[in-house]
Amino acid sequence: PGPFMTAAGQMICGGVLLVLIGLVVGERPTTLPDTSGLLAMAYLCVFGSIVAFTAYVWLLQNVRPALAGSYALWVHGAPEPDHDVDFVVAEQDVEAAAATLSKAGFDIRRLPEEWLFKAALSVDGPVLVDVLHRINRVPVDASLIERARIEDVLALAMPVLSPTEILTQKLRALHEHHCDFAK
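Just so it is clear, the model here is predicted, and its values are computed rather than measured. Residue positions are given per chain, counted from 1 along the sequence in the order it is written. Under the rules for a predicted model, residues below a pLDDT of 70 receive no local features and side-chain atom pairs below 80 are neither given nor counted, while totals for whole chains, interfaces and linings still include all residues. Heavy atoms throughout the structure, all of them, feed into the side-chain values; hydrogens and water do not.

**Overview of the overall build of the protein**
Logical step 1: Secondary structure elements are defined from DSSP: runs of H or I of at least 4 residues count as helices, runs of E of at least 2 residues count as strands, and each element is numbered from the N terminus. The secondary structure content of the protein amounts to 6 helices and 9 strands.
Logical step 2: Three labels apply to residues, based on accessible area from a 1.4 Å probe with only protein chains included: buried if under 20% of the type maximum, exposed if over 50%, partly exposed otherwise in between. Each of the 183 residues in the protein was classed as buried or not, and the buried ones make up 32%.
Logical step 3: In this description, contact between two residues means that some pair of their heavy atoms is separated by no more than 4.5 Å. In the protein, 50% of the contacts between residues at least 6 apart in sequence involve partners at least 24 apart.
Logical step 4: When the accessible surface of the protein is split by element, carbon and sulfur atoms take 64% of a total near 11,800 Å². Per-residue and other accessible areas were derived by the Shrake-Rupley procedure at a 1.4 Å probe size, with only the shown protein chains allowed to occlude residues.

Below is the structure:
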């Protein structure tokens, strides 16, 4: 099956399994959610999983992002981060990546630094995704993406940068005017 059908099957099986486990352990709804609760659930189902996953699959097929930053380190055993997720894309693919995330409902935020853009689910919402296309003033190219190994990340196979690559880039960012080892 294709990636969309595989993801749909995983989401349906996961949902059914969670309902069954809830019933087995004795969880029962005591009241029905109000309208705002139902709308919030519908929003999360549509934008949080279906639209976002569709955008990610499209990116994988057409742009080839690689997971970077602290989530990539988490895949390799570091503590789980509690902030946005970082992806790298080749510099020539940055506009296609921004357009795809925008079509998926993300608010794209361009920064003056011009080496990344940020994506959030709403204009006022917190940033969820950083998409980097230059690292330490060097454009991301296909060779960096190709060096990323395919890893399972929350049931998705995706290219993930190596810890050595990530830490090397973090160390290259340090200099005499910015040497904060806590970052």
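**Here we look at the pairing of strand β8 (residues 149-153)**
Logical step 1: Summarising the sheet, β8 and strand β9 (residues 156-160) pair through 5 bridges and their orientation is antiparallel. Bridge pairing links Ile150 to Pro159 in β9.
Logical step 2: Two strands are said to pair when DSSP picks up at least two bridges between them. Counting the residues between successive antiparallel strands, the hairpin from β8 to β9 contains 2 residues, one of them, Leu154, with a positive phi of roughly 50°.

**Some words on the packing of aromatic side chains**
Logical step 1: Geometry of aromatic contacts follows a simple scheme: Phe, Tyr and Trp rings, the Trp one being its six-membered ring, pair when their centres are within 6.5 Å, and the pair is stacked under 30 degrees between planes, edge-to-face over 60, tilted otherwise. Within this structure, the stated rule accounts for 1 aromatic pair.
Logical step 2: With a centroid separation of 6.2 Å and an interplanar angle of 80°, the aromatic rings of Tyr71 and Trp74 are classed as edge-to-face. Note that Tyr71 and Trp74 are positioned in helix α3 (residues 69-75) at a spacing of 3 residues, about one turn of the helix.

**Considering the pattern of salt bridges**
Logical step 1: Whenever a carboxyl oxygen of Asp or Glu lies within 4 Å of a side-chain nitrogen of Lys or Arg, that contact is scored as a salt bridge. Summed over all chains, the structure comprises 6 salt bridges.
Logical step 2: Taking the shortest distance from any N to any O, the salt bridge between Glu95 and Arg110 comes out at 3.0 Å. Taken as a pair, Glu95 in helix α4 (residues 94-103) and Arg110 in strand β3 (residues 107-110) lie far apart in primary sequence, 15 residues in all.
Logical step 3: According to the relative accessible area criterion, Arg110 is partly exposed, its value standing at 47%.
Logical step 4: Its salt-bridge partner being Asp107, residue Arg109 comes within 3.1 Å of it at the nearest N-O pair.
Logical step 5: Arg109 gets classed as partly exposed once you look at its relative accessible area, which sits at 21%.
Logical step 6: Overall, Asp107 belongs to the partly exposed group, its relative accessible area being 22%.

**Some words on α4**
Logical step 1: Among the residues making up α4, those that are buried are Val94, Ala97, Ala98, Thr100 and Leu101. When α4 is viewed along its axis, its buried side chains cluster within an angular range of 165° and face the same direction.
Logical step 2: Looking one or two residues past α4, Gly105 carries a phi angle of roughly 100°, positive in sign. Throughout, the arc means the angular range of directions from the helix axis out to the C-beta atoms.

**Observations regarding the nonpolar core**
Logical step 1: By nonpolar core is meant a set of buried Ala, Val, Leu, Ile, Met, Phe, Trp, Tyr and Cys residues that side-chain atoms within 4.5 Å join together. Leu67, Val88, Leu101, Phe117, Val129 and Leu161 are the most contacted members of the largest nonpolar core, which has 34 residues in total.
Logical step 2: Of all elements in the fold, only β1 (66-68), α3, β2 (85-88), α4, β4 (116-120), β5 (127-132), α5 (142-147) and β9 reach the threshold of two or more residues within this core.
Logical step 3: The dominant element in this core, judged by the number of residues it contributes, is α4, at 4 residues.

**Looking at the pairing of β2**
Logical step 1: Side chains of β2 alternate between two faces, with Val85 and Phe87 and Asp86 and Val88 buried alike.
Logical step 2: As defined by bridge partners, β2 adjoins β5 across 4 bridges and the pair is classed as parallel. Residue Val88 lies in a different strand from β5, and its bridge partner there is Leu132.

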